[in-house]
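Observations on the model geometry
One-letter residues, chain by chain:
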Amino acid sequence: MRKTYILFFIFIFSFISVMQAQTNFDIEGHRGCRGLYPENTIVAFLHAVQLGVNTLELDVLVTKDGKLVVSHDPYLNPDICTFPEGQPSQEDASKFHKLYDMTYDEISKFDCGSRGNPKFPDQHKMYAVKPLLSEVIDSVETYIEQHHLPSVQYNIETKSTPQTDDINHPKPAIFSKILYDLLSQKNILNKCIIQSFDPRTLQEIRKTDASVATALLVANLDGFDKNIKRLGFVPTIYSPIDALVTKKLIRKCLEKNIKVIPWTVDDENKMIKRKKMGINEIIS
């Protein structure tokens, strides 16, 4: 396992270095760098910064006490999270351990790193809790300043759907306001992209401040035109699952001055292929 990890580290570091040296190629660390460290944790984000990524991709949800916690799942995933007493969270965590039903103090008592992740065998197993977005920003900005590193952007996904309003998260207007207010308080709005599969949160951000960069995440087969019409405005970024990327899609986006950032591109050959197609940013 250690040999595999070292080889993967060398590949990623080399690829990032070469791409950045050749062009203004942007590499986004997906959930920090969850192939190497527990996803969406401070240690993962700091390691991604060390590797030289340009943008940190992460997910946010809202806790019972109205705080923004960094988490992809709206509950404590039993595959990776452990009770304070040491046993895994309940199998039906989506019902019993929803983050929206818990205060951050309750959430922070769960360890979501020591057991590792079965999908990523080379991931370091270590104690890690789901951090607040404010803690991630403070930690990253301090680390960059202390080590005299280039600034990074934050690509922040709001995890929401119409079906789970007031169940897993607040309604879009409230969710977006909590996020916008925090980013404004931290004075990093100019370094942020707000992304979502849910057009409603992007629409709310747009109403609040049209200068904030937005990215429409896409995994459906509806096509570019229909997705943009549903959104109701031209976003900064169109971010499809990698399988949906075609030369036609890239051409349509370029015509509207929209960047294309596919997710999640973890294979070296695909990275090179996407670069040759004219894509200068990927989520990996």
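This text gives an overview of the structure that appears in the document. (Residues numbered from 1 in each chain as written. Predicted model: local features only at pLDDT ≥ 70, side-chain atom pairs only at ≥ 80, totals over all residues. Heavy atoms only, no water.)

**Some points on the overall build of the protein**
Across its full length, the protein carries ten helices and nine strands. The buried share of the protein, reckoned over its 284 residues, is 53%. Within the protein, contacts between residues at least 6 apart in sequence are counted, and of these 59% link residues at least 24 apart. Within the structure as shown, the protein displays about 13600 Å² of accessible surface, and the carbon and sulfur contribution to it stands at 53%. (Helix = DSSP H or I, 4+ residues; strand = E, 2+ residues; numbered from the N terminus. Buried < 20%, exposed > 50% of the residue type's maximum accessible area, 1.4 Å probe, protein only. Contact = heavy atoms within 4.5 Å. Areas by Shrake-Rupley, 256 points an atom, 1.4 Å probe, with all protein chains shown as cover.)

**Details of the state of the cysteines**
Defined simply, a disulfide is a covalent bond joining two cysteines at their sulfur atoms. For the structure on display, the rule yields one disulfide. Linked covalently through their sulfurs, C81 and C112 form a disulfide whose S-S length is 2.2 Å. Around the S-S axis, the bridge from C81 to C112 shows a dihedral of about 105° and counts as right-handed. Taken together, the residues C81 in the loop between β3 (68-70) and α3 (93-96) and C112 in the loop between α4 (104-107) and α5 (133-146) connect sequence positions 31 residues apart. Considered together, C81 and C112 belong to a single accessibility category, that of buried residues. (Disulfide = S-S within 2.5 Å.)

**Overview of the nonpolar core**
Grouped together as the largest cluster of nonpolar side chains are 57 residues, with contacts concentrated most on L133, V140, Y154, I156 and L183. Every residue in contact with I156, bar those within four places of it in the chain, is listed here: L58, V60, L133, L179, L183, C192, I193, I194 and Q195. If you look at the next biggest cluster of nonpolar residues, it comprises 13 residues, including I80, M102, F110 and C112. (Core = buried A, V, L, I, M, F, W, Y, C linked by side-chain atoms within 4.5 Å.)

**Side note on empty space enclosed by the protein**
Under the definition given, this model contains one cavity of 30 Å³ or more. When its volume is computed, the largest cavity comes out at roughly 50 Å³. Every residue along the wall of the largest cavity is listed here: E39, N40, T41, V70, I80, C112, A128, V129 and K130. Split by residue class, the lining of the largest cavity holds five nonpolar, two polar and two charged. (1 Å grid on protein atoms, 1.4 Å probe; cavity = no way out; pocket = protein on both sides within 12 Å on 5 of 7 lines; lining within 4 Å. Points joined across faces, edges and corners; volume = space filled by probe spheres on them. Nonpolar A, V, L, I, M, F, W, Y, C, P; charged D, E, K, R; others polar.)

**Structural notes on the side chain of D111**
Tracing the backbone shows D111 in the loop between α4 and α5. Buried and unpaired, D111 has R115 as its nearest opposite-charge partner, separated by 8.3 Å. Of note is the side chain of D111, whose polar atom sits 2.9 Å from the backbone nitrogen of G113. A distance of 2.4 Å separates the side chain of D111 from the side chain of S114, its partner in a polar contact. D111 has contacts with I80, C81, T82, M126, Y127 and A128, leaving out every residue within four places of it along the chain. (Lys, Arg positive; Asp, Glu negative; His and termini not counted. Salt bridge = Lys/Arg side-chain N within 4 Å of Asp/Glu carboxyl O. Polar contact = N/O pair within 3.5 Å; in protein donor to acceptor, adjacent residues only side chain to side chain.)

**A few points about the packing of helix α6 (residues 172-185) against helix α7 (residues 199-208)**
Packing of α6 against α7 brings their axes to within 9 Å, and their N-to-C directions diverge by 55°. The orientation of α6 with respect to α7, classified from their angle, is oblique. The handedness of the crossing between α6 and α7 comes out as right-handed. Where α6 approaches α7, its residues P172, A173, S176 and Y180 are matched on the opposing element by R200, T201, E204, I205 and T208. (Axes fitted to C-alpha atoms, helices over the stretch in contact; angles between N-to-C directions. Parallel < 35°, antiparallel > 145°, perpendicular 65-115°, else oblique. Left-handed = near helix turned anticlockwise from the far one by under 90°.)

**A closer look at the side chain of Q195**
Here Q195 lies in strand β5 (residues 192-196). Accessibility expressed as a relative area gives 0% for Q195, which makes it buried. Excluding its chain neighbours within four sequence positions, the residues that come into contact with Q195 are E57, L58, N155, I156, E157, T158, L202, A215, L217, S239 and I283.

**Some details on the environment of L216**
Along the chain, the position of L216 falls in strand β6 (residues 213-218). Between the alpha carbons of L216 and V260 there is a distance of 9.9 Å; along the sequence they are 44 residues apart. Beyond its immediate stretch of four places on either side in the chain, L216 contacts S196, L202, N227, L231, I237, Y238 and S239.

**A closer look at α5**
For α5, which comprises 14 residues, the first-to-last C-alpha distance of 20 Å matches the rise-based estimate of 20 Å (1.5 Å per residue) to within 8%. For α5, the set of buried residues is L133, S134, V136, I137, V140, Y143 and I144. Where α5 is buried, its residues touch α2 (42-51), β2 (55-62), β3, β4 (153-158) and α6. One or two residues past the end of α5 sits H148, with phi positive at roughly 55°. (Expected span 1.5 Å × (residues − 1).)

**Some points on the packing of aromatic side chains**
Aromatic ring pairs: the centre-centre distance and the angle between the two ring planes describe each pair. Scanning all chains against the criterion turns up three aromatic pairs. Ring centres of F83 and F110 lie 5.2 Å apart, and the angle between their planes is 45°; this geometry places the pair in the tilted category. With F83 in the loop between β3 and α3 and F110 in the loop between α4 and α5, the pair connects residues that are 27 residues apart, well separated along the chain. Between the aromatic rings of F224 and Y238, the centroid separation amounts to 5.0 Å while the plane-to-plane angle is 65°, which identifies the pairing as edge-to-face. (Phe/Tyr/Trp six-rings, centres within 6.5 Å; stacked < 30°, edge-to-face > 60°.)

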